[in-house]
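# A structural walkthrough
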Amino acid sequence: MYQLDLETIQTILQQHDLLKEIIVDKNWHFTLPIEQKNQTFTKLSYDSRQVDNQTLFFCKGAGFKEEFLAQAMTNGLTTYIAQSPYEVQALGFIVTDIRKAMALLAQEFYQHPEKKLTKIGITGTKGKTTAAYFLKDSLAKATNNKVALFSSEETCLDGHTYTRSHLTTPEALELYAQMAQAVENQVTHLVMEVSSQAYKTKRVYNLTFEIGVFLNIGTDHISPVEHPTFDDYLYCKRQLIQNSQKMILNQDMDYFNLLADTSTHYHVPYVTFGRTQTAMVQITDHKDTRNFDLQANELDLTKLEGSYHLGILGTFNHDNAVAALLVLQLLDFNPEIAQQTLPKTVIPGRMHVIERPEQPLVLVDFAHNYLSIHAIGELAHQLRPNGRVLILTGSTGGKALGRRSDIAKALSEVADEAMLTSDDPDFEDPFAIATEIKKQITSDIPVTIEIDRQKAIETLLEKATVHDIVAICGKGTEQSMKINGRGEPYAGDIAIATAFLNVN
């Protein structure tokens, strides 16, 4: 059983200079009265609906209200941690940073599971999930399935069982609970996507990765509720570097010199990959985008040299595969393992191909920002150089507002025709979102707005000829649409497209 006592809580908060005061019976202290020190907790929570007298409760979030704490107390709550004191009859630890406190106390409560796992953190604007699955499959073969996965698509805690994920990087309490479960399941390695929000909201505070991977950087997640500027977005992602023991960097990406300088400053050794001759591992792409070759420019990386084959299309996926190969090398596993696993790896919602005789070629992908939609468009032109590229997309409501202009830019550069539709509009009007994108498209291409996503897919497929490619972007394998704060049932892009092509 996991537990945490009051004295340990006080010690950790004071050691990290987080404790402001302790409130006992509305009296303020900096150390606990002796009679209070032995109380223990067997649960951690920030949900006031899920507490009892054995729960340590965290008052977190900009929307937190004192009434939530009062509700928790009716369920037996005795102790809370918050950034501000509340006028309640409960013991309160008042801290300077609630999220740092959550991360540190979760580590202690779950007996530091992070120290019992080899952790690989992957960040980037696109490709995190693909790289994570490539690596997970290779490590699974190398370790007899002793690999956990925390991705935006799925979570696996035992090497075998997969459940749907809700966040790219879970909140600290869930993060360490999942790590602890993985350790109980005798897992040895953890492959983990690390979002910019994970650092922005300190979900991974005080967590060190044995290996960090930085795939690429582009503009995304810029909004009042995420990152106010690109500078803030990049700064948050860069924090992976100083919290990793070794780094793998894409030498071709924008701001590479900044990332390399950061690694050097924090004394974090790094290896590089890319298509430039100075990269430590150099990629040569083939015309068949499932194939590529590697040449090593460093003696200790020569095991990686050779030819590789993927089961999915796109030269941009070569970067994701090479990142996985470099992780294997740095962990002293034979890269030949990946030559067996890479052709078999399937990534949910990424580069799903629907191909029928005498029908347009259809690509279904989670692509939802400039880099990913542009890459899909370039691939489509490469696959069908004599056909048109028809792209269906939309943008989320209430967040990542900068995506709309970025999507318009990508469509202007790579689409021959565009269909704008709903993609989790939440509390916004999907027609208004689509209109905002349409106004910023600078090329002279046909643009249609149809907010009914199923009708939009069917309409675009009906327009396409056998020579064309239709790229359906944004939802991937998702089977719900977020509308007015709720996930409404949605048939799914793949199911809709497949059914339409089978009928027609």
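The notes below deal with the structure included here. Remember, predicted model here, so these are calculated numbers, not experimental data.

### As for the nonpolar core
Judged by nonpolar contacts, the single largest core of 72 residues is most densely connected at Ile120, Val213, Phe292, Leu294, Leu326, Ile391 and Leu411. A per-element tally of this core places helix α9 (residues 316–330) first, with nine residues. Residues in contact with Leu411, not counting those within four places in the same chain, are Ile391, Thr393, Ala418, Leu420, Ile437, Ile441, Ser443 and Ile445. Listed in part, the 59 residues of the second largest apolar core include Ile9, Ile98, Met102 and Met192.

### Some details on the environment of Lys237
The topology assignment puts Lys237 in helix α7 (residues 230–242). Relative accessible area serves as the criterion here: at 2%, Lys237 is assigned to the buried category. Along the sequence, Lys237 and Val194 sit 43 residues apart, while their C-alpha atoms lie 8.2 Å from each other. Ignoring sequence-local partners within four residues, the contact set of Lys237 consists of Thr123, Gly124, Thr125, Lys128, Val194, Ser195, Ser196, Phe214 and Ile217. A polar atom in the side chain of Lys237 sits 2.8 Å from the side chain of Thr123.

### Points about the packing of aromatic side chains
Two numbers describe a pair of aromatic rings. These are the distance of the centres and the angle of the planes. Inspection of the entire model under this criterion finds 10 aromatic pairs. Centre to centre, the rings of Tyr80 and Tyr86 are 5.9 Å apart; their planes meet at 65 degrees, and the pair counts as edge-to-face. Between Phe292 and Tyr308, the aromatic rings sit 5.4 Å apart at their centres with planes inclined by 15 degrees, giving stacked as the arrangement. Of this pair, Phe292 sits in strand β18 (residues 291–296) while Tyr308 is found in strand β19 (residues 306–309), placing the two residues 16 residues apart along the sequence.

Conventions used here
- Here the residue index of a chain counts from 1 through its sequence in written order.
- In keeping with the model being predicted, local features are shown solely for residues with a pLDDT of at least 70 and side-chain atom pairs are shown and tallied solely at 80 or more, while totals for entire chains, interfaces and linings include all residues.
- For the side-chain quantities, the full set of heavy atoms in the structure was used; hydrogens and water were omitted.
- Throughout this description, the term nonpolar core refers to a set of buried Ala, Val, Leu, Ile, Met, Phe, Trp, Tyr and Cys residues connected via side-chain atoms within 4.5 Å.
- Accessibility here uses a 1.4 Å probe with only protein chains present; expressed as a share of the type maximum, an area under 20% marks a residue as buried, one over 50% as exposed, and anything in between as partly exposed.
- Think of it this way: any DSSP run of H or I at least four residues long counts as a helix, any run of E at least two long counts as a strand, and we number them from the N terminus.
- Residue contacts are defined here by distance: any two heavy atoms, one from each residue, within 4.5 Å place the two residues in contact.
- In protein, a polar contact requires one atom able to donate a hydrogen and another able to accept it; more generally it is a pair of N or O atoms within 3.5 Å, and residues adjacent in sequence count only if both atoms are side-chain atoms.
- A pair of aromatic rings is counted whenever rings of Phe, Tyr or Trp (Trp by its six-membered ring) have centres within 6.5 Å, and the orientation is called stacked for planes under 30 degrees apart, edge-to-face for over 60 and tilted otherwise.

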